[in-house]
Amino acid sequence: MRKTVIAGNWKMHMNCADTEKFLLKFLPLIKDIGIERNIVIAPPFTAISTFSANTNFKNLNIASQNIHWEESGAFTAEISPRMLIEHQVKYAIVGHSEPRKYFSESDEQINKRAISAQLNGLTPIVCVGESLEQRERGEAERVITRQVEQGLEGTNPANLIVAYEPIWAIGTGKTCEAVEANKICKLIRNLVGYEDITIQYGGSVKPDNIDEIMSMDDIDGVLVGGASLDPVSFARIANYR
Ligand code: 13P
């Protein structure tokens, strides 16, 4: 059976005090959500311990915004699986378009991060998505195919989430049409070749479009940026109808 995963990516927002304030408001708003709906938040590394100390882990889990493939070593600015496991981190976002763009992350590195997450008992959330220029040139499907084939090579599809995040829809307020997003998510499912894989959509997901997005057959969850920073709006997304 496919897992439903509603995830918030806080990116470089929220310190420890903000995190405590957020959870105080957010936790009561998600208390009636059943365990079949997995709610996940990826705080910045500095707030992970505050987050884990203030969570009951009943239906809210922690994701990391990165993961390295070595257990320790001379890798300034990186984070190892061992450091994350200590804080009950269950998911790791890899291949987001921001590190791909600003730090030239390659499909090969993303693949090593995804495999590292799986080997250490975490579920990788591997992001894929095309730019506006690629979409306008009619290359969206080719780009996604390359990212899926190279980024997921050798991974176990039974412990994997793929997030389709068209770059032009991130932080722009321009959501990809639900039917089009569904079509790309179906393509990803076919490429992976595992019917039960969880596929998320991400890009300007908001309280007013979540119900339509989640009604699509091939979309099993969402990866939310801006709207996950506000406890009321992220709770409405988590409580989608
Ligand atoms: P927004 O929801 O702010 O568009 O960000 C999406 C995203 O990048 C989630 O990883």
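Everything in this summary refers to the structure shown in the same document. (Residues numbered from 1 in each chain as written. Predicted model: local features only at pLDDT ≥ 70, side-chain atom pairs only at ≥ 80, totals over all residues. Heavy atoms only, no water.)

A few points about the environment of Ala-47
One can find Ala-47 in the loop between strand E2 (37-42) and helix H2 (48-53). With a relative accessible area of 0%, Ala-47 lands in the buried category. Considered as a pair, Ala-47 and Glu-20 are 27 residues apart in the sequence and their alpha carbons are 9.1 Å apart. When residues no more than four places from it in sequence are discounted, the contact partners of Ala-47 are Met-14, Asn-15, Cys-16 and Thr-19. (Helix = DSSP H or I, 4+ residues; strand = E, 2+ residues; numbered from the N terminus. Buried < 20%, exposed > 50% of the residue type's maximum accessible area, 1.4 Å probe, protein only. Contact = heavy atoms within 4.5 Å.)

Topic: the site of the ligand
Close contacts around the ligand come from 13 residues, with Lys-11, His-96, Gly-171, Ser-204 and Gly-226 the closest. In the model, an oxygen atom of the ligand is placed 2.8 Å from a nitrogen or oxygen of the His-96 side chain. Gly-225 has a polar backbone atom sitting 2.9 Å from an oxygen atom of the ligand. Out of a free accessible area of 310 Å², the ligand has 96% covered by protein chains. Placement of the ligand is best described as lying within the second largest pocket. Within the shell around the ligand, the residues separate by chemical class into four nonpolar, seven polar and two charged. (Near = heavy atom within 4 Å. Polar contact = N/O pair within 3.5 Å; in protein donor to acceptor, adjacent residues only side chain to side chain. Areas by Shrake-Rupley, 256 points an atom, 1.4 Å probe, with all protein chains shown as cover. 1 Å grid on protein atoms, 1.4 Å probe; cavity = no way out; pocket = protein on both sides within 12 Å on 5 of 7 lines; lining within 4 Å. Sits in = over half its atoms within 2 Å of the grid points. Nonpolar A, V, L, I, M, F, W, Y, C, P; charged D, E, K, R; others polar.)

Notes on the sheet that holds E2
Spatially, the eight strands close up into a barrel ordered E1-E2-E3-E4-E5-E6-E7-E8, and their pairing is parallel. Looking at each pair of strands side by side, their axes are set apart by 25 degrees on average, direction ignored. Where strand E7 (residues 198-202) lies against strand E8 (residues 221-224), three bridges are found, and the strand directions are parallel. What sits directly across from Gln-200, in E8, is Gly-221. (Pairing = 2+ DSSP bridges. Axes fitted to C-alpha atoms, helices over the stretch in contact; angles between N-to-C directions.)

Considering the packing of helix H5 (residues 107-119) against helix H7 (residues 140-151)
Interaxial distance between H5 and H7 falls to 8 Å at its minimum, and their mutual angle equals 45 degrees. Judged on the interaxial angle alone, H7 and H5 are oblique. Crossing handedness for the pair H5 and H7: right-handed. In contact with Asp-107, Asn-111 and Ala-114 of H5, H7 contributes Arg-146, Gln-147, Gln-150 and Gly-151. Considered class by class, the residues forming the contact of H5 with H7 number one nonpolar, four polar and two charged. (Parallel < 35°, antiparallel > 145°, perpendicular 65-115°, else oblique. Left-handed = near helix turned anticlockwise from the far one by under 90°.)

What about the layout of surface pockets?
If you roll a probe as big as a water molecule over the atoms, it shows you where there is empty space left. By volume, the largest pocket amounts to about 740 Å³. Lining the largest pocket are 20 residues, and of these Phe-45, Gln-65, Asn-66, Pro-99 and Phe-103 sit closest to its centre. Looking at the lining of the largest pocket, the elements that each hand over two or more residues are strand E4 (89-94), helix H4 (97-102) and H5. Among the elements that line the lining of the largest pocket, the one with the most residues is H4, at three residues. Residue classes in the lining of the largest pocket are distributed as nine nonpolar, six polar and five charged. (Points joined across faces, edges and corners; volume = space filled by probe spheres on them.)

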